[in-house]
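Spelled out, the chains give:
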Amino acid sequence: MTVQRDNRGESRDLEINPIFSREPVRVPRYAMPDHGMEPDTAYQVVHDELMLDGNARQNLATFVSTWAEPQARLLMAECAEKNMIDKDEYPQTAELENRCVHMLARLWHAEDPRRATGCSTTGSSEAAMLGGLALKRRWQHKRRAEGGPTGRPNLVMGVNVQICWEKFADYFEVEPRYVPMEGDRYHLTPDTAVDLCDENTIGVVAVLGSTFDGSYEPVAGIAAALDDLESRTGLDIPIHVDGASGGMIAPFLDPDLTWDFRLPRVASINTSGHKYGLVMPGVGWALWRDRHALPDDLVYHVNYLGGDMPTFALNFSRPGAQVVAQYYNFLRLGFHGYRRVQRTCRDVATRLAAEIAALGPFELITDGGELPVFAFRVRDGIDAFSVFDVSAALRERGWLVPAYTFPEHRTDLAVLRVVVRNGFSHDLADLLLADLRRALPRLRRQHEPHRDADDAGGFAHGAETKNPRRPGRH
């Protein structure tokens, strides 16, 4: 018991109220309170509200890492106050960023990794926008040199691209030219890409790992088709590879797949360190094949250890913690460690996909054999429930498995998608499968589906339908 002495030297009990007796009767949610409260009380109020969030480890919608080693978390805590943008004040953090760029350049077969051009970002979305900006600026310089107009740039990509590309097109006044899905073709192909290219095309975006179904787009085939286009028309159109997820999968599991800087037409690549780079959010990476691929008039120069440090970013102040954690992971795991982690993810994905297909009511769209991600639908002829009913049933047990329809031309196709990340083990996959089996008898007893796309929620994580009525500025 905690006691204190009064003025007469006698001891008496010190009244300690339970924490919720100290809490103010009313805590304003949308206005700053007039008076503060004890730190423990404020913590408890916030902590209790956050209990209503989903369990991140059961979130099979997100591609973002939800697990990290204690040592990585410790390093992140130690670096939380370091501002990544202050290269002169935190030169060793800047040095670790530079080392990560060189490591990625080697991983992606840059011609001269020692002179790699790249940077960290807040995530793959910012990195993608930097890649898009470089494409636009290069095209503008070339058009001006040729004496041509620069007012109508366009960017060719599949309608399956992540929503950040729609934002890029809108924010930076570029016409997005989306290749729609048709039949069983769910992403960009060489012929469909070339068909939309012209003298105003700043580049083609090829996605190494579609958020809709986890499939790779054929980067080498697209490059070959653009080579042929140049030989016929003189149009020299570069490729940006959106490797948000696949850029940290293919080098380890698909070494014979040619998609990176081995292809001369690939000008730039982005990836997400906080996805299959295995870092807690948020960090991304953007790399260019050489300094000529990144126009110098986009780059700012700061003093760094008495020398020059070029920088290129949309964001300014941000913590260095995630960059440090990325470097930690590269050291901790090495190439073979990353390969083991990604192989386990793919093994879990392919086994779970096969088990779900064997249940009977479901048909696989993809099987997890590229990204450790797979999509599946309810088979034709099963009318008692929808994918949205399945998603809701799994959510009752805490599993967040998104259900959504595909974009225009395939809006008839509604699927569920499972993203397998580091930390989602075979054991957890068995628990998910058991809950799905448990839900199926109840779903089969329904007379008709109870939910549709309007009940799906908003957690498709990149598989949002593009709005073709709103391209560009308004």
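Higher on the page you've got the structure.
Residues numbered from 1 in each chain as written. Predicted model: local features only at pLDDT ≥ 70, side-chain atom pairs only at ≥ 80, totals over all residues. Heavy atoms only, no water.

A. Broad picture of the overall build of the protein chain. Counting secondary structure elements, the protein chain contains 12 helices and 15 strands. In the protein chain, which comprises 474 residues, the share counted as buried stands at 52%. Carbon and sulfur atoms provide 50% of the accessible area of the protein chain, an area that totals close to 23000 Å². (Helix = DSSP H or I, 4+ residues; strand = E, 2+ residues; numbered from the N terminus. Buried < 20%, exposed > 50% of the residue type's maximum accessible area, 1.4 Å probe, protein only. Areas by Shrake-Rupley, 256 points an atom, 1.4 Å probe, with all protein chains shown as cover.)

B. Expanded view of the pairing of strand β8 (residues 266–272). Extensive coverage of β8 is indicated by the burial of 7 of its 7 residues. As judged from the 4 bridges shared by strand β7 (residues 239–242) and β8, these two strands associate in the parallel manner. For histidine 240, the partnering residue across the bridge sits in β8 and is serine 268. (Pairing = 2+ DSSP bridges.)

C. Just empty space enclosed by the protein, in detail. Considering all chains together, one arrives at 5 cavities of 30 Å³ or more under this definition. Considering the residues around the largest cavity, the lining is formed by 13 residues, among which Val207, Gly209, Thr211, Asp242 and Ala244 are closest to the centre. Here the lining of the largest cavity is composed, by residue class, of 5 nonpolar, 6 polar and 2 charged. (1 Å grid on protein atoms, 1.4 Å probe; cavity = no way out; pocket = protein on both sides within 12 Å on 5 of 7 lines; lining within 4 Å. Points joined across faces, edges and corners; volume = space filled by probe spheres on them. Nonpolar A, V, L, I, M, F, W, Y, C, P; charged D, E, K, R; others polar.)

D. Representation of helix α8 (residues 219–233) in the model. For α8, built from 15 residues, the straight-helix expectation of 21 Å at 1.5 Å per residue is met to within 8% by its first-to-last C-alpha distance of 21 Å. Among the residues of α8, Val219, Ile222, Ala223, Ala225, Leu226 and Leu229 are the ones counted as buried. For α8, the arc enclosing every buried residue in end-on projection is 160 degrees, short of the 170-degree limit, so these residues lie on one face. Seen from the open side of α8, the exposed residues pointing more than 90 degrees away from its buried face are Ser231 and Arg232. For α8, the elements touching its buried residues are α7 (190–195), β6 (201–207), β7 and β8. Once α8 finishes, glycine 234 follows within two positions and takes phi at roughly 85 degrees, a positive value. (Expected span 1.5 Å × (residues − 1). Arc of directions from axis to C-beta. Contact = heavy atoms within 4.5 Å.)

E. Inspection of the packing of helix α4 (residues 91–107) against helix α10 (residues 321–358) at higher detail. It is at 9 Å that the axes of α4 and α10 come closest, and there the two elements cross at 45 degrees. Considered as vectors, α4 and α10 are oriented oblique to each other. Both α4 and α10 take part in a crossing whose hand is left-handed. Where α4 approaches α10, its residues Thr93, Leu96, Glu97, Arg99, Cys100, Met103, Leu104 and Leu107 are matched on the opposing element by Val323, Val324, Gln326, Tyr327, Phe330 and Phe335. Here the contact of α4 with α10 is built from residues that sort into 10 nonpolar, 2 polar and 2 charged. (Axes fitted to C-alpha atoms, helices over the stretch in contact; angles between N-to-C directions. Parallel < 35°, antiparallel > 145°, perpendicular 65-115°, else oblique. Left-handed = near helix turned anticlockwise from the far one by under 90°.)

F. Summary view of the nonpolar core. Formed by 64 residues in total, the largest nonpolar core has its most connected members in Val204 and Leu226. Ranked by residue count, the leading element in this core is α10, at 10 residues. The residues contacting valine 204, other than those within four sequence positions of it, are Leu155, Val156, Leu188, Ala193, Cys197, Ile222, Leu226, Ile237, Pro238, Ile239 and His240. Grouped together as the second largest cluster of nonpolar side chains are 38 residues, Leu130, Cys164, Tyr178 and Phe406 included. (Core = buried A, V, L, I, M, F, W, Y, C linked by side-chain atoms within 4.5 Å.)

G. The layout of surface pockets, seen in detail. Roughly 340 Å³ of internal volume is contained in the second largest pocket. Considering the residues around the second largest pocket, the lining is formed by 20 residues, among which Arg138, Lys142, Asp236, Ile237 and Pro238 are closest to the centre. Those elements giving two or more residues to the lining of the second largest pocket turn out to be α5 (124–146), β6 and β8. At 6 residues, α5 tops the list of elements feeding residues into the lining of the second largest pocket. Looking at side-chain class alone, the lining of the second largest pocket contains 9 nonpolar, 2 polar and 9 charged residues.

H. Focus on unusual backbone geometry. The amide bond that connects proline 281 to the next residue, glycine 282, takes the cis arrangement and shows omega of 5 degrees. Position of glycine 282 relative to the elements: it lies in the loop between β8 and β9 (284–288). Despite not being glycine, histidine 109 shows a phi value in the positive range, around 60 degrees. Mapped onto the elements of the fold, histidine 109 is located in the loop between α4 and β3 (117–121). With a relative accessible area of 38%, histidine 109 lands in the partly exposed category.

I. A look at the packing of helix α3 (residues 70–79) against α10. Running from N to C, α3 and α10 cross one another at 150 degrees; their axes reach a closest spacing of 8 Å. Note that α3 runs across α10; the crossing there is right-handed. Together, Gln71, Ala72, Leu75, Met76 and Cys79 of α3 and Ala321, Gln322, Val324, Ala325 and Tyr328 of α10 make up the contact between the two elements. Residues of the contact of α3 with α10, tallied by class, amount to 8 nonpolar, 2 polar and no charged.

Any link to function would need more than the numbers given here.
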